[in-house]
Amino acid sequence: MFSFSKKDQVTGEVAERQLDEQNIPAHIAIIMDGNGRWAQQRHLPRIAGHKQGMNTVKTVAKAASHLGVKVLTLYAFSTENWKRPTAEVNYLMKLPVDFFGTFVPDLIKNNIRVKVMGYTDQLPAATQKAVRDAIADTADCTGMVLNFALNYGGRAEIVTAVQKLAQQVQAGTLTPDEIDDAAIDQQLMTQDLGELRDPDLLIRTSGEERLSNFMLWQVAYSEFVFTQQHWPDFDQTALEEAIYEYQQRHRRYGGLAPEPTTK
Ligand code: V07
């Protein structure tokens, strides 16, 4: 059992909570929202929020790995984020470079392997190199997969998958009736995660309660937890609270009775 305490925001009462180690979500995906708002509340430029947000990535990745999470997918940059001001986009594109300069030794120490999903060929050359280097430097790590969604969009991912399947049909290597869930899964960017491809738990920080084009296919059966904290304020306790909430909804019934919902 992992224990943590939760302070009630209204009464101030502190409650001891226990996480069931046998029911840690294997794949957690996070929409890291609220970096700009966090900065604006402090009268700082938005990029200061992104910088602090990167530090939170480091904290949360280590915490997730210690809790026994197998895949942590983080939405770092969407295909829509190019519409932001040029200076902000340029800063964001430097973050993977910074991240690897400062965090790769720590990742290796924690046996964490980096993976990236998204249209990385459209990223600046230096960003692509940082991503390639991080993947290569952590390739032998056998613990948690830290999966960054970078220049990722859920609809674009499905469009690309459909195009590939259509090409196979045209080439005569696939018939239309062979297109099923598994065939589509095989063309998605999560394909190499195997059984762990679908998030068990999706977390979005900073109060918005929508998907914003994130992993549309893969979250079909995920539990969604929304928190008020801005991403730079998210920490180990916040992660444990989200997992606690997941465990309240996703009971295991001691492995005796079947789950009440069909999957
Ligand atoms: C970014 C920090 C986290 C808050 C949300 C937006 C800003 C880590 C990465 C990263 C991505 C790929 C990679 C290694 C690190 C990152 C962007 C933004 C674009 F291989 N944080 N972070 N990339 N933010």
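Residues numbered from 1 in each chain as written. Predicted model: local features only at pLDDT ≥ 70, side-chain atom pairs only at ≥ 80, totals over all residues. Heavy atoms only, no water.

**Q** Lay out the overall build of the chain in plain terms, naming residues and giving numbers.
**A** Along the backbone of the chain there are seven helices and eight strands. In summary, the chain has a C-alpha radius of gyration of 19 Å against a globular reference of 18 Å for 263 residues, a match within 12%. In the chain, buried positions account for 44% of the 263 residues. For the chain, restricting intrachain contacts to residue pairs at least 6 apart in sequence, the fraction spanning at least 24 positions comes to 73%. Total accessible area on the chain stands at roughly 13,800 Å², and carbon and sulfur atoms take up 50% of it. The centroid of the 27 positive side-chain charges in the chain is displaced by 7 Å from the centroid of its 33 negative side-chain charges. (Helix = DSSP H or I, 4+ residues; strand = E, 2+ residues; numbered from the N terminus. Rg over C-alpha atoms; globule rule 2.2 N^0.38 Å. Buried < 20%, exposed > 50% of the residue type's maximum accessible area, 1.4 Å probe, protein only. Contact = heavy atoms within 4.5 Å. Areas by Shrake-Rupley, 256 points an atom, 1.4 Å probe, with all protein chains shown as cover. Lys, Arg positive; Asp, Glu negative; His and termini not counted. Charge placed at Lys NZ, Arg CZ, Asp CG, Glu CD.)

**Q** Describe helix 5 (residues 154-171), and please don't skip the residues or the numbers.
**A** Taking 1.5 Å per residue, 18 residues should reach 26 Å; helix 5 reaches 26 Å between its end C-alpha atoms and fits that length. Every buried residue of helix 5 is accounted for by Gly 154, Glu 157, Ala 161 and Leu 165. Projected down its long axis, helix 5 carries its buried residues within an arc of 65°, all on one side. Relative to its buried face, helix 5 has exposed residues pointing more than 90 degrees away, namely Arg 155, Gln 170 and Ala 171. After helix 5 finishes, the residue Gly 172 shows a positive phi value of roughly 85°. (Expected span 1.5 Å × (residues − 1). Arc of directions from axis to C-beta.)

**Q** Give me the lowdown on the packing of helix 2 (residues 46-67) against helix 3 (residues 86-109), citing residues and values where you can.
**A** Each packed pair of helices is defined by two parameters, the angle between the axes and the distance between the axes. At a minimum axis separation of 10 Å, helix 2 and helix 3 run at an interaxial angle of 30°. With respect to each other, helix 2 and helix 3 are oriented roughly parallel. The two elements helix 2 and helix 3 meet at a crossing, and its hand is right-handed. The segment helix 2 lies against helix 3, with Arg 46, Ile 47, His 50, Lys 51, Met 54, Val 57, Lys 58 and Lys 62 engaging Glu 88, Tyr 91, Leu 92, Leu 95, Asp 98, Phe 99, Thr 102, Phe 103 and Asp 106. Taken together, the residues that form the contact of helix 2 with helix 3 break down as eight nonpolar, two polar and seven charged. (Axes fitted to C-alpha atoms, helices over the stretch in contact; angles between N-to-C directions. Parallel < 35°, antiparallel > 145°, perpendicular 65-115°, else oblique. Left-handed = near helix turned anticlockwise from the far one by under 90°. Nonpolar A, V, L, I, M, F, W, Y, C, P; charged D, E, K, R; others polar.)

**Q** Requested: an account of the packing of aromatic side chains, with residues and values cited.
**A** All chains considered together, the criterion is met by ten aromatic pairs. Here the aromatic rings of Tyr 75 and Phe 214 are separated by 4.2 Å at their centres, their planes lie at 15°, and the arrangement is stacked. Placement of the pair is Tyr 75 in strand 4 (residues 71-78) and Phe 214 in the loop between strand 7 (201-204) and strand 8 (223-226), with a sequence separation of 139 residues. Of the residues examined, Tyr 75 reaches a relative accessible area of 9% and is grouped as buried. Under the relative-accessibility criterion, Phe 214 is labelled buried at 0%. Ring geometry for Phe 99 and Phe 148: centres 5.3 Å apart, planes at 85°, overall edge-to-face. Within this pair, whereas Phe 99 is found in helix 3, its partner Phe 148 is found in strand 6 (residues 145-152), the two being separated by 49 residues in sequence. An aromatic cluster is defined as three or more aromatic residues linked by ring pairs; in this entry it consists of Phe 99, Phe 100, Phe 103 and Phe 148. (Phe/Tyr/Trp six-rings, centres within 6.5 Å; stacked < 30°, edge-to-face > 60°.)

**Q** Pulling in residues and values, what's your account of helix 4 (residues 125-137)?
**A** Given a rise of 1.5 Å per residue, 13 residues ought to cover 18 Å, and the 18 Å separating the end C-alpha atoms of helix 4 matches this to within 8%. Along helix 4, the residues that are buried comprise Thr 127, Ala 130, Val 131 and Ala 134. Each buried residue of helix 4 sits inside an arc of 95° when the element is viewed along its axis, so together they form one side. Within helix 4, the exposed residues directed more than 90 degrees away from the buried face are Ala 125, Ala 126, Arg 132 and Ala 136. Here the buried face of helix 4 lies against helix 3, strand 5 (113-117) and strand 6.

Function-wise, these values are silent; they only describe arrangement.
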